[in-house]
Amino acid sequence: MKITNNIVIEKAHELGFELIGFTRADILEDETAKLKQWLSNGYHASMDYMARNTEKRNDVKNILPNAQSVISLAINYNTNYQYSNKEDSGKVSRYAWGKDYHLVIWEKLELLEEYLKAIDPTFECFSYVDTGPVMDKAWAVRAGIGWLGKHTNVINRNYGSWIFLATIITNREFEYNELELDLCGTCTACIDACPTKAIVNEYQVDANKCISFLTIENKNEIPGEFKNQFDNWLFGCDICQDVCPWNKKFSVYTNIKEFEPAGNKEIALNQILEMNPEEFKKRFETSSIKRAKLNGLKRNALFLKNNILKGASGSL
Ligand code: SF4
Ligand code: SF4
């Protein structure tokens, strides 16, 4: 049986994906040019993997030679919880409050793939969740899921930007979606609110200055120039998304229980500083927080703690 848009959409909805878009598996010419410019500016900091496999990012036929389409899927992870903003606790980015989204989404993608292959055994695909040499944001934009906000996250007009993206490259043709308009307009709220001025231009984030990079992927010390600018972010940073009118306007909450906070919304800094490797492994085994490694978390906690102490003394 032929796999149609509706067959994919119905099953994906049943599995919990809110948004599903389809686009032709064309070469990402403009997006690759922008990526190369971003890399040549050094805005990727130490994320050298971003400079690898450019030919696969540019053309998905280097991943699946007979690729015809790309299906982009999005899943809402917004939950109805707020921070308590205790000074001696560090904040965790909303995306890492619950179970690691890779685990949750991979499971759903596997079920979707199995379902589609059972309908048509000649259906071929490669699926990605925020890993691998695939420009998931570019595909989401091309598939009409949303537009790329000036903070460089994809925004959907009904869900805002609290969405995880998944990408399926396939050998089947579908009907394709229209592009969404860029609805940022004259707004600059994210650029104005970024405490480290990491959004260096509209649609360009310099990772060297971004709290999200500095607290997660970064393997070095946090540069002293950022002292007192972290607003107690221990793992990641959501400021540019928190201030976005599209997130303020829409408060659609997810039904997916695994995205509810699992005790990791805020973490006492002393708890991190006293944590041993076994405790770290046990506590963050199924959490995205493990990506920062224990050393990284301790570095972040110490950085925040020193900020508090120095803020209190007013002289250090
Ligand atoms: S995540 Fe935080 S530091 Fe990075 S661009 Fe957004 S507001 Fe700035
Ligand atoms: S805060 Fe404004 S400029 Fe930034 S992404 Fe949202 S709508 Fe666009």
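Residues numbered from 1 in each chain as written. Chains lettered and ligands numbered in written order. Predicted model: local features only at pLDDT ≥ 70, side-chain atom pairs only at ≥ 80, totals over all residues.

Moving on to the overall build of the protein chain. Helix and strand content of the protein chain: twelve helices and eleven strands. A compact globule built from 316 residues would reach a C-alpha radius of gyration of about 20 Å, and the protein chain, at 20 Å, matches this within 12%. Taking the principal axes of the C-alpha coordinates as reference, the protein chain spans close to 70 × 40 × 35 Å. Across the 316 residues of the protein chain, 39% fall into the buried class. In the protein chain, 80% of the contacts between residues at least 6 apart in sequence involve partners at least 24 apart. (Helix = DSSP H or I, 4+ residues; strand = E, 2+ residues; numbered from the N terminus. Rg over C-alpha atoms; globule rule 2.2 N^0.38 Å. Buried ≥ 20, exposed ≤ 12 C-beta atoms within 10 Å, placed from the backbone. Contact = placed C-beta atoms within 7 Å.)

Turning to the domain arrangement of the protein chain, a few remarks are in order. In terms of domain boundaries, the protein chain breaks down into domain 1 (5-80 + 97-170) and domain 2 (189-313). Distance between the C-alpha centres of domain 1 and domain 2: 24 Å. Across the boundary between the two partners, domain 1 contributes 31 residues, which contact 34 residues of domain 2. For the side of domain 1 that touches domain 2, the class distribution of residues is 13 nonpolar, 15 polar and three charged. (Domains from an automatic or database assignment. Nonpolar A, V, L, I, M, F, W, Y, C, P; charged D, E, K, R; others polar.)

On to the site of ligand 2. Neighbouring ligand 2 are G149, K150, H151, C184, C187, T188, A189, C190, V243, C244, P245 and W246. When residues of the shell around ligand 2 are traced back to their parent elements, those giving at least two are helix 6 (189-193) and helix 9 (245-249). Broken down by class, the residue content of the shell around ligand 2 amounts to eight nonpolar, three polar and one charged. Three or more residues apiece are contributed to the shell around ligand 2 by two domains, here domain 1 (5-80 + 97-170) and domain 2 (189-313). (Near = placed C-beta within 6 Å.)

Before going further, it helps to examine the packing of helix 1 (residues 5-15) against helix 4 (residues 101-119). At their nearest, the axes of helix 1 and helix 4 sit 10 Å apart, and the two run at 145° to each other. Crossing of helix 1 against helix 4: the hand is right-handed. In contact with I7, V8, K11, A12 and L15 of helix 1, helix 4 contributes K108, L111, L112, Y115, L116 and I119. Here the contact of helix 1 with helix 4 is composed, by residue class, of nine nonpolar, no polar and two charged. (Axes fitted to C-alpha atoms, helices over the stretch in contact; angles between N-to-C directions. Left-handed = near helix turned anticlockwise from the far one by under 90°.)

Its 19 residues give helix 4 an end-to-end C-alpha distance of 27 Å, which sits within 8% of 27 Å, the value for a rise of 1.5 Å per residue. Within helix 4, the full set of buried residues consists of Y101, V104, I105, K108, L109, L112 and L116. Along helix 4, the residues classed as buried sweep out an arc of 120° about the axis, all on the same side. With respect to the buried face of helix 4, the exposed residues turned more than 90 degrees away are E107, E110, E114 and A118. As for helix 4, its buried residues are in contact with helix 1, strand 2 (69-76), strand 4 (125-128) and strand 7 (163-170). (Expected span 1.5 Å × (residues − 1). Arc of directions from axis to C-beta.)

Bringing the sheet that holds strand 1 (residues 19-24) into the picture now. Taking strand neighbours across the sheet as the criterion, the four strands line up as 1-2-7-4 in an open arrangement whose pairing is antiparallel. A single partner strand is all that each edge strand has here, and the edge strands are strand 1 and strand 4. Adjacent strand axes in the sheet meet at a mean angle of 20° when their direction is disregarded. Here strand 1 runs beside strand 2; their pairing, made up of six bridges, is antiparallel. The partner of R24 across the bridge, within strand 2, is S69. Each of strand 1 and strand 2 is contacted by helix 1, which is oriented at about 150° to strand 1, the strand it contacts most. Across the sheet, helix 4 lies against strand 2, strand 4 and strand 7, angled at about 35° from strand 7, the strand it touches most. (Pairing = 2+ DSSP bridges.)

With that settled, the discussion passes to the nonpolar core. Counting residues in each nonpolar core, the largest one holds 78 residues, and the members touching the most others are L73, A74, I163 and F164. Formed jointly, this core draws a minimum of three residues from each of two domains, domain 1 (5-80 + 97-170) and domain 2 (189-313). (Core = buried A, V, L, I, M, F, W, Y, C linked by C-beta atoms within 7 Å.)

Another point: the sheet that holds strand 3 (residues 89-92). Judged by pairing direction, the sheet is mixed, and its three strands sit side by side in the order 10-3-11 without closing on themselves. The open sheet has two edge strands, strand 10 (233-235) and strand 11 (266-268), and neither has a second partner. Strand-to-strand twist of the sheet, defined as the mean angle between neighbouring strand axes without regard to direction, takes the value 45°.

The subject of this paragraph is the site of ligand 1. Around ligand 1, the neighbouring residues are H151, C194, T196, A198, I199, V205, C210, I211, S212, C237, I239 and C240. At the level of elements, helix 7 (211-215) and helix 8 (239-242) are the ones that each hand at least two residues to the shell around ligand 1. Its residues assigned to classes, the shell around ligand 1 shows nine nonpolar, three polar and no charged.

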